[in-house]
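# Close look at the chain arrangement
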There are 6 protein chains.
Amino acid sequence: MRTHVMPEMTWPEYAEALKSNPVVFIPTGALEQHGPHLPMGLDYLVPSAIAKDVAEAVGGVVAAPVTYGYKSMTRSAGGPFFPGSTGLDGQTLSSIIRDIIRELVRHGARRICVLDGNYENLWFLNEGIDLAMREVGDKGVRVMCLQHWEFLTEETLGQVFPDGYPGIELEHAAVLETSLMMHYRPDLVLFDKVPDNAPADAPCYDTWPPRREWVAKEGSLISAKGASPEKGALIASQYLRDISAAVKHEFYELG
Amino acid sequence: MRTHVMPEMTWPEYAEALKSNPVVFIPTGALEQHGPHLPMGLDYLVPSAIAKDVAEAVGGVVAAPVTYGYKSMTRSAGGPFFPGSTGLDGQTLSSIIRDIIRELVRHGARRICVLDGNYENLWFLNEGIDLAMREVGDKGVRVMCLQHWEFLTEETLGQVFPDGYPGIELEHAAVLETSLMMHYRPDLVLFDKVPDNAPADAPCYDTWPPRREWVAKEGSLISAKGASPEKGALIASQYLRDISAAVKHEFYELG
Amino acid sequence: MRTHVMPEMTWPEYAEALKSNPVVFIPTGALEQHGPHLPMGLDYLVPSAIAKDVAEAVGGVVAAPVTYGYKSMTRSAGGPFFPGSTGLDGQTLSSIIRDIIRELVRHGARRICVLDGNYENLWFLNEGIDLAMREVGDKGVRVMCLQHWEFLTEETLGQVFPDGYPGIELEHAAVLETSLMMHYRPDLVLFDKVPDNAPADAPCYDTWPPRREWVAKEGSLISAKGASPEKGALIASQYLRDISAAVKHEFYELG
Amino acid sequence: MRTHVMPEMTWPEYAEALKSNPVVFIPTGALEQHGPHLPMGLDYLVPSAIAKDVAEAVGGVVAAPVTYGYKSMTRSAGGPFFPGSTGLDGQTLSSIIRDIIRELVRHGARRICVLDGNYENLWFLNEGIDLAMREVGDKGVRVMCLQHWEFLTEETLGQVFPDGYPGIELEHAAVLETSLMMHYRPDLVLFDKVPDNAPADAPCYDTWPPRREWVAKEGSLISAKGASPEKGALIASQYLRDISAAVKHEFYELG
Amino acid sequence: MRTHVMPEMTWPEYAEALKSNPVVFIPTGALEQHGPHLPMGLDYLVPSAIAKDVAEAVGGVVAAPVTYGYKSMTRSAGGPFFPGSTGLDGQTLSSIIRDIIRELVRHGARRICVLDGNYENLWFLNEGIDLAMREVGDKGVRVMCLQHWEFLTEETLGQVFPDGYPGIELEHAAVLETSLMMHYRPDLVLFDKVPDNAPADAPCYDTWPPRREWVAKEGSLISAKGASPEKGALIASQYLRDISAAVKHEFYELG
Amino acid sequence: MRTHVMPEMTWPEYAEALKSNPVVFIPTGALEQHGPHLPMGLDYLVPSAIAKDVAEAVGGVVAAPVTYGYKSMTRSAGGPFFPGSTGLDGQTLSSIIRDIIRELVRHGARRICVLDGNYENLWFLNEGIDLAMREVGDKGVRVMCLQHWEFLTEETLGQVFPDGYPGIELEHAAVLETSLMMHYRPDLVLFDKVPDNAPADAPCYDTWPPRREWVAKEGSLISAKGASPEKGALIASQYLRDISAAVKHEFYELG
């Protein structure tokens, strides 16, 4: 294949690719604040990059990214206080995924992997997939849905956080995302703005209206100072290995 | 501004940009076949590029593109026969636009321009805008919605089609789109695949199921042989001038 | 058949008619301003009359008209400034058409023609038809959707506009609609109120809120002075001939 | 007023009428079987006629009829066994009413009366009105919703049914509807087909799939033999008196 | 069976019960005012109790009750004036029933009986059932929908109302519901608060906003003084006999 | 208050309770498999019991439970393999919560706490709350949403799991839920069926169709053998203390 990226393919190239029943990846993300140093499109740029890596490894195709996602929650992404966080209603996001899957299946695709980069998206993606599966019926379609950080191994975390992993719940615009972005798109990182704020301090529930004081003024939930391009490369490399393995396992070994 | 492209901005940069009450552009398009020579993401890549040009000229901001659009119709885009054409349901597209506008307004934006590159999107964009306006109420929000080809002047058409303009209804994956893509993203054009097919021959109505024979096997509605990067540059330049002027007129002169 | 109009039929008459697998026409329109001289129901009255003519010619059945349609846009129908223009949400209109088609198919109808008289309806009709087709599945249903003015020939336009055709985009409550109404329902035309206003002057895009100054205070987009019952008869006669031919071609010749 | 029927009015006439804050009537009905002798549009034709009578008496306006309604239930209208009964989904009907009321209020109307002729419509009309009221907020809008047969007095019933009233639950395509149609639109009644079937015999609940044996093969729930134009005139006259009185009471006396 | 109540069953017990293709009952009700003496959950508590009685008699299963229902209407349940009446939108209620039936069918259930205790629910239940039937297709599913009071016999009414039955339209929080509650859940009845108000006096139509003066300040539509546990037992016993008979007839005799 | 449980209250009691601006709790759960020993209604029974405890402590009111919830996912609740797991569509669940909150606010409630017992519900509850907040506007409404297990302290976990806490992701129908049920409703626990299965073994992503082999045949995700009523009492007591404290903090201290 000249390219694995569907919006860059011509239709005959895509038609040709479909003959091998490839895995079609749908990168999903959001347009949302990621601290003072990271671009607001991070949540779709990162899974687009991961999906491209994996697609090249497994002979897959990467569909156009879903560039808008579900609403930012205060505890996981800073909440609605930061201009730029642009949340779709849940039903809208579920409908997008349902429609895209319906169409990919109509094209002939039978192996679909939703690769998400925005924590808050997950359940509306699940629902969209479920609605699509109900619609497409008994055609042998198989869908996989994953969020990339779920693949992080103990070993990787040990290397990225030599002083101890503070936990995924604080990893918004922090070391992991910053490192990945420094690796994939350093041109979009403001290296001199990497924040060093104290961890967000939120209780174990949500409120409406949300409370501004739960999250640092920077919008990152914890310091990102430990980030580096090398760590990003390390994570990206582990993702490539393990997500490719999982994709092969699900779609080819188990079928 | 370091960049006018919102997904590449940090949130403090966007917050700063909002202070001038800028025009926020939403490029909308589709993932859909564009003949044997053009990438399937063309319909959002082109308006993204135009919006970036105009935003730089008028001090605006370009939101993340809406990468999926309404269903391809046979007479205007070849119909569902071509793998890769990936259509959202009308309500899904309207909901996306409604949600994005609702959120931009929540950020503080008051001047919004939907810049569309997929013919079939228009009415579902209109509806999404109308639903958003009903919701946001009396906050002084003003929205403009345009499809770029509507701005083509007689003069430009005369230069691009020295032998006569066959009409917009055949201009899918043809001279205009091919030239624009040769200008904006030549890396994504297969110059050796530019088709030279006969014009599509369709009646003045639509049918379901659609009729395959109304459109050439290439998926382009007419020959694209006359395309060139120079013509693309000419069109892009006229767009920049006239869309910028319209935007300034609507949002600044009339207010 | 005693009558071709379904709401005037008894159910045994309709059951009898269905035996020949007739074309069932669904006239669609709107309740919307049509200048100072024309009734606001014009957009469903005209396609109801055309559908009746054609149904008599091809042995079809005319279902009850859809009396409300999509929202009036300023450039094509004067916009929301005129009391009486009563627009449904897009999803509502799509649902109506989807539901009616689902039911006609349940009755046993397999040939359905949506005959529209309100420009703004088209895409929501398309979507409703598409949703219905997805639902009814593989039953051999065929649907055709048309807007009557698309059938106007060069010859007819030459006779109706001896001084040159100003183009369909200005033909709201103007010479074509006025003439048709003078022909079909002269009792509903206020002959002494036929307006002679200057053409509407609108740019090539839409805005929200819409701009009142784009359209003449009368609500007609251009002078209707050239209208006459004779011209209406001429158009109606050409419609009868050509729409009947297209219907026969699609449903009987091609099947 | 030249006419009280909104789709026959021009917009300036309607604008003029609105100045007196008139009651705007929305006739609602269905396209559905009404026995071997009555037209399938009866359920919107009758309330249109009643609304016109009442509007002339109280200075009101009659909007375009809603020509499609909710699904025929076996016990009240014969069920889905009869070709021609064309039911909308509940949400579709509610959306239609919600949209129409929203628009009438936008025109300036504040007094709205939904006048229904299809038993199964009621709760979806109620819901549509409720949704509209929630939307329009605190503008002093008042809506009334009625089904015409609820206004029948003991006295009228005594005259129409000298041998005793069998009850409203059997009155589909029977004496009341047949008489009303003989009065309002005798041209649409097949006098020689008036059925004399035995009463429908259904239990006190519904089932899905419905049971064909609960209703006579004619589709009328009981004999219509006692119908006459004179009885129709009697009913119409009582309706005119009592519905006008109720409308005046609600909108003018109580306000 | 250890219990017939599904939310009290373990899944292996339910799986075992499904082997006999039992009738699965879905009790539906509301959270809504029932006068000064009755609990607001009455409308789901009563059908839950009836369903349990009937399920024990016919070997059925009772699913979890639907605890919220459609909006209280003034004429039938006092309207929105009483705090505690908590109405769902119509579409929400229809969706709940559609979803539950879809799932029961997925479990393997083929005989489903919706047993309703809230008058206003009926049509949205009907719609939900219809939507579910459309979805589940041709699997031999049969659904029955009933409101318990429809089963009251002349004989029962004669015994409960020795001085004459005032009619079902006034029986909200009155003698029937109070007696049933005194029988099923005397612990939830405030015997010293049983109201003795005059009958509600409402016309034959509805209005929005509703009129407070149509209903007594207590919220019961007529005196409940005649209620007694013995009458409740009498009604419950007749329900058990006749609803069981109807259920057996529909699901086992007719199949 | 005679009772804190709204469906057991009369409306005057609820009206009286509202005067103190109490916290109104909405218990949400599901009807879904909970292993061979626990009732399928557990997910709404437990939060109903917790909410009652807390409401008594803080002077609150407990609305009727939402008895159906979102679909069971394989990794967190065993998936769709177990008859009885009855999942609503996401939009249905969101609509229920939106509607209930809208109505509670209409009653005058301003402090609302959604107390959830079904893991999969969370994001659809979040969405329903967000939609309700958008609708009710600026009335000073505050909503809190919590899942009870999030309140478990290290100390409690240490006492409940002396051999180490296997983590919340396996706690479906396991020690925590079994203990709570043994405490609150021992009558609904089959003590002799408490399973001792091996832990579920699932990867870090989901698939459609789901994989049966990820979860033990019992439906519990790990052994429940360590459960006891005493542990249940311990947890319930800690919940009462800490949830009450959080509720007071959010609604009374912060306001």
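Structure's up top.
To keep things clear, this report deals only with the structure shown in the data block. (Residues numbered from 1 in each chain as written. Chains lettered and ligands numbered in written order. Predicted model: local features only at pLDDT ≥ 70, side-chain atom pairs only at ≥ 80, totals over all residues. Heavy atoms only, no water.)

## With respect to the sheet that holds strand β7 (residues 206-208) of chain E
Quick reminder of the rule: DSSP bridges decide pairing: two strands pair if at least two such bridges lie between them. Each helix corresponds to a stretch of at least 4 residues labelled H or I by DSSP, and each strand to a stretch of at least 2 residues labelled E; elements are numbered beginning at the N terminus. Residues count as neighbours in contact if any of their non-hydrogen atoms are within 4.5 Å of one another. Angles run from 0 to 180 degrees between N-to-C directions of axes, and those axes are lines fitted to C-alpha atoms, restricted for helices to the stretch in contact.
Read from one edge of the open sheet, five strands run β2(D)-β1(D)-β5(D)-β6(D)-β7(E), paired in mixed fashion. Two strands close off the open sheet at either side, each with one partner strand: β2 (61-62) of chain D together with β7 of chain E. Relative to β2(D), strand β1 (residues 23-28) of chain D runs parallel, the two being bridged by two bridges. When the sheet's bridge partners are listed, V24(D) is paired in β2(D) with V61(D). Lying over the sheet, helix α2 (residues 42-58) of chain D contacts β1, β2 and β5 (111-116) of chain D, oriented at roughly 165 degrees with respect to β1(D).

## Here we look at the sheet that holds strand β1 (residues 23-28) of chain E
Taken in spatial order, the five strands make up an open sheet running β7(D)-β6(E)-β5(E)-β1(E)-β2(E), and their pairing is mixed. A single partner strand is all that each edge strand has here, and the edge strands are β7 (206-208) of chain D together with β2 (61-62) of chain E. Of the strands in this sheet, β1, β5 (111-116) and β6 (142-147) of chain E are in contact with helix α4 (residues 90-107) of chain E, which crosses β1(E) at around 160 degrees.

## Some thoughts on the interface of chain F and chain E
In plain terms, the rule: Accessible-area loss on putting two parts together, using a 1.4 Å probe and summing over both, is the definition of buried area adopted here. The salt bridge definition used is simple: a Lys or Arg side-chain nitrogen within 4 Å of an Asp or Glu carboxyl oxygen. Under the rule applied, a polar contact is a pair of N or O atoms within 3.5 Å (in protein, one hydrogen donor and one hydrogen acceptor; residues adjacent in sequence only if both atoms are side-chain atoms).
Taken together, the contacts link 57 residues of chain F with 56 residues of chain E. Buried surface at the junction of chain F and chain E, summed over both partners, amounts to about 4000 Å²; 61% is from carbon and sulfur atoms. Looking at the side of chain F facing chain E, the largest losses of area belong to W11(F), Y68(F) and P83(F), adding up to 17% of the total buried there. The interface formed by chain F and chain E contains four salt bridges. Residue R102(F) is joined to D89(E) by a salt bridge in which the shortest nitrogen-to-oxygen separation is 3.4 Å. The tally of links between chain F and chain E comes to 30 residue pairs in polar contact (both at pLDDT 80 or more). Of all the elements in the fold, those that place two or more residues in the side of chain F that touches chain E are α1 (11-18), α2 (42-58), β4 (87-88) and α4 (90-107) of chain F. Sorting elements by how many residues they give to the side of chain F that touches chain E places α4(F) first, with 11 residues.

## A word on the relation of the copies chain F and chain E
Threshold: The least-squares superposition of copies is restricted to C-alpha atoms, and to residues with a pLDDT of at least 70 in both copies.
Superposing chain F onto chain E requires a rotation of 180 degrees together with a translation of 0.0 Å along the rotation axis, leaving an RMSD of 0.0 Å. Interpreted geometrically, this transformation is the action of a two-fold axis. Judged by C-alpha distance, T92(F) is the residue of chain F that lies nearest the rotation axis, at 3.1 Å. Here 98% of the interface residues in chain F have copies in chain E that are interface residues too; the copies meet face to matching face.

## Description of α2(F)
Because an α-helix completes one turn every 3.6 residues, residues spaced three or four positions apart along the sequence face the same direction. All names here are of chain F. To keep it simple, the criterion reads: Expected helix span is given by 1.5 Å per residue-to-residue step, counting one fewer step than there are residues. Relative accessible area decides the class of each residue, using a 1.4 Å probe on protein chains only: under 20% of the type maximum gives buried, over 50% gives exposed, and in between gives partly exposed.
With 17 residues, α2 should reach 24 Å at 1.5 Å per residue; the first-to-last C-alpha distance of 24 Å fits that figure. Most of α2 is tucked away, with 13 of its 17 residues classed as buried. Immediately downstream of α2, the backbone of G59 shows phi near 75 degrees, a positive value.

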